[in-house]
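Report on the structure
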Amino acid sequence: MSTTGSAASPVIDLHAHSAHSDGTQSAADLVLAASCAGVDVLGLTDHDVVDGWDAAAAQAARVGITVVPGVELSTQVAGMSVHLLAYLVDPWDRTLGAMMGTIRAHRTARLRRTVELLAADGYPVDYDEIVAWAGAGTTLGRPHVADALVRAGSFPDRDAVFETLLHSSSPYYVRHWAPSTSEAIGTVRSAGGVPVLAHPFAHRRGRVLTEADIDDLVDVGLCGLEVHHPDHDAEAVATAGSISARRGLVQTGASDYHGTGKSNRLAQCTTAPETLERLLGMGSGSPLLGSRG
Ligand code: AMP
Ligand code: ZN
Ligand code: FE
Ligand code: FE
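What you see is a predicted model; the values in this text were computed from it and never measured.

Turning to the overall build of the chain, a few remarks are in order. What the chain contains, in helices and strands, is 10 helices and eight strands. Since a compact globule built from 293 residues should have a radius of gyration of about 19 Å, the 18 Å found for the chain is in line with a globular shape. For the chain, the C-alpha atoms occupy an extent of roughly 55 × 45 × 40 Å along the three principal directions. Across the 293 residues that make up the chain, the buried fraction comes to 52%. Taking as baseline every contact in the chain between residues at least 6 positions apart, the subset at least 24 positions apart corresponds to 73%. When the accessible area of the chain is evaluated, it comes to approximately 11,900 Å², of which 51% is carbon and sulfur surface.

Right, let's get into the coordination of the zinc ion (ligand 2). Looking at the zinc ion (ligand 2), the protein donor atoms are Asp-22 (OD), Asp-22 (OD), His-47 (NE2) and His-258 (NE2), and they sit 2.1 to 2.6 Å from it. The distance between the zinc ion (ligand 2) and the iron ion (ligand 3) comes to 5.6 Å. Residue His-47 is located in strand β2 (residues 41-47), and its partner His-258 is located in the loop between β7 (250-253) and α10 (273-282); the two are separated by 211 residues in the primary sequence. His-258 sits in the buried class, given a relative accessible area of 5%.

Moving on: the site of ligand 1. Residues in close proximity to ligand 1 total 14 residues, the closest being Arg-107, Arg-110, Arg-142, Asp-159 and Lys-262. Residue Asp-22 places a side-chain N or O atom 3.1 Å away from an oxygen atom belonging to ligand 1. One of the side-chain nitrogen or oxygen atoms of His-47 is found 2.9 Å away from an oxygen atom of ligand 1. Here ligand 1, which alone exposes 500 Å², has 92% of that area covered by the protein. Of all elements in the fold, only α3 (94-120), α5 (142-151) and α6 (158-166) reach the threshold of two or more residues within the shell around ligand 1.

When charged atoms on two side chains of opposite charge get close, those side chains can pair. Within the structure shown, the criterion is met by nine salt bridges. We note a salt bridge from Glu-116 to Arg-113, for which the minimum N-O separation is 2.9 Å. Note that Glu-116 and Arg-113 are positioned in helix α3 at a spacing of three residues, about one turn of the helix. Look at Arg-113 and you get partly exposed, because its relative accessible area is 40%. A network of salt bridges, in which partner residues are shared, links Glu-211, Asp-215, Asp-219, Arg-246 and Arg-247.

Quick look at the environment of Leu-288 now. For Leu-288, the location among the structural elements is in the loop between α10 and β8 (289-290). Note: C-alpha distance between Leu-288 and Val-67 (221 residues apart in sequence) is 6.1 Å. Once you skip the residues sitting within four places of it in the chain, Leu-288 turns out to touch Thr-66, Val-67, Val-68, Pro-69, Leu-88, Leu-280 and Gly-293.

Take the nonpolar core next. For soluble globular proteins, the rule of thumb is that nonpolar side chains tend to be buried together. With 47 residues, the main nonpolar core has Leu-42, Leu-73, Leu-197, Ile-214, Leu-222 and Leu-225 as its most contacted residues. Among the elements that make up this core, the one with the highest residue count is helix α1 (residues 27-36) (five residues). What Leu-197 contacts, discounting residues up to four positions off in sequence, is Val-82, His-83, Leu-84, Thr-181, Leu-209, Ile-214, Leu-217, Leu-222, Gly-224, Leu-225 and Glu-226. In terms of nonpolar packing, the next biggest core, distinct from the first, is built from 18 residues, Leu-140, Ala-146, Leu-149 and Phe-155 among them.

Here the focus is the pairing of β2. For β2, the buried fraction is high: seven of the seven residues fall into the buried class. Side-chain alternation along β2 places Val-41, Gly-43, Thr-45 and His-47 on one buried face and Leu-42, Leu-44 and Asp-46 on a second face that is also buried. Bridge analysis of strand β1 (residues 12-16) against β2 gives three bridges, and the strand direction is parallel. Bridging across to β2, Asp-13 finds its partner in Leu-42. Handedness of the crossover joining β1 and β2 through α1: right-handed. Relative to strand β3 (residues 66-77), β2 runs parallel, the two sharing seven bridges.

Let's shift gears to the domain arrangement of the chain. Domain assignment breaks the chain into domain 1 (12-101 + 180-290) and domain 2 (108-162). Its C-alpha centre places domain 1 at a distance of 25 Å from the equivalent point of domain 2. Listed by partner, the interface residues are 11 residues for domain 1 and six residues for domain 2. Of the roughly 610 Å² buried at the junction of domain 1 and domain 2 (both faces included), carbon and sulfur atoms supply 40%. One can count zero salt bridges joining domain 1 with domain 2.

Criteria and thresholds
- Residues numbered from 1 in each chain as written.
- Chains lettered and ligands numbered in written order.
- Predicted model: local features only at pLDDT ≥ 70, side-chain atom pairs only at ≥ 80, totals over all residues.
- Heavy atoms only, no water.
- Helix = DSSP H or I, 4+ residues; strand = E, 2+ residues; numbered from the N terminus.
- Rg over C-alpha atoms; globule rule 2.2 N^0.38 Å.
- Buried < 20%, exposed > 50% of the residue type's maximum accessible area, 1.4 Å probe, protein only.
- Contact = heavy atoms within 4.5 Å.
- Areas by Shrake-Rupley, 256 points an atom, 1.4 Å probe, with all protein chains shown as cover.
- Donors = N, O, S within 2.8 Å, 3.2 Å for Na, K, Ca; no water.
- Near = heavy atom within 4 Å.
- Polar contact = N/O pair within 3.5 Å; in protein donor to acceptor, adjacent residues only side chain to side chain.
- Salt bridge = Lys/Arg side-chain N within 4 Å of Asp/Glu carboxyl O.
- Core = buried A, V, L, I, M, F, W, Y, C linked by side-chain atoms within 4.5 Å.
- Pairing = 2+ DSSP bridges.
- Right-handed = clockwise from strand over helix to strand, strands pointing away.
- Domains from an automatic or database assignment.
- Buried area = accessible area lost by both parts, 1.4 Å probe.

Dropping the structure here:
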């Protein structure tokens, strides 16, 4: 493992998005940016898609860093949106592939509806324009709608659109179908992957799971919690840490970097090297990409 800069310990950031979902950089540019930011091990975790893995692998080999291949699955517990990180899954697993395809299809239909609602109230958004900007195959989400309103000059940045129009209690918020988190955990495990709950206590985004909910997910195979995340305050970190300790879960940390789409900085939160090794020992569906691949 490379140790760039003066860091004695490798810098490990296990959650980042490329333009295959709602990040603003190609997968290759994301890996390059990570390398420039001193990241040694980057988790590529686009929403519901693994299309960035190949380009990330090539770039990681070129710049000498390691990429942990992953995906952030859109799931739900009793209708509440829950993001599930899945590392080292077999990208060819048919059940997982079908699950991701179905989620993307529902996201597309949902985005169309969001745009209809906004356009009906006079907001300058057009579905075809948004899809053309996002590119074929991209997992569409609210950030793409936000970007359209920024392009139109209606808002300064994504954050402003989310605060005003796209937050989860807005009349313009449209829910989409997602598999239950427990079903997704089973699918990820069957695909050789390691399921880790993303930002489990990010209250700012809306309702969060209870400790009992998380216990149920551990019972069906959940392996870890993202303890350190930019949206976690000290209380969230403490709660996630204590559940992880009680249930023997892997405790990850990551930036959830989205390029210029969010203020999160690469390596803003990181994972301990021994935690990474433990996580790697739990997954068998895919090798690491790049310098350790
Ligand atoms: P969606 O998956 O379509 O419901 O959209 C959720 C995505 O929007 C997540 O990946 C978040 O990172 C992003 N998001 C949520 N809140 C904000 C915000 N205030 N500013 C920018 N992006 C956000
Ligand atoms: Zn996102
Ligand atoms: Fe997320
Ligand atoms: Fe994310």
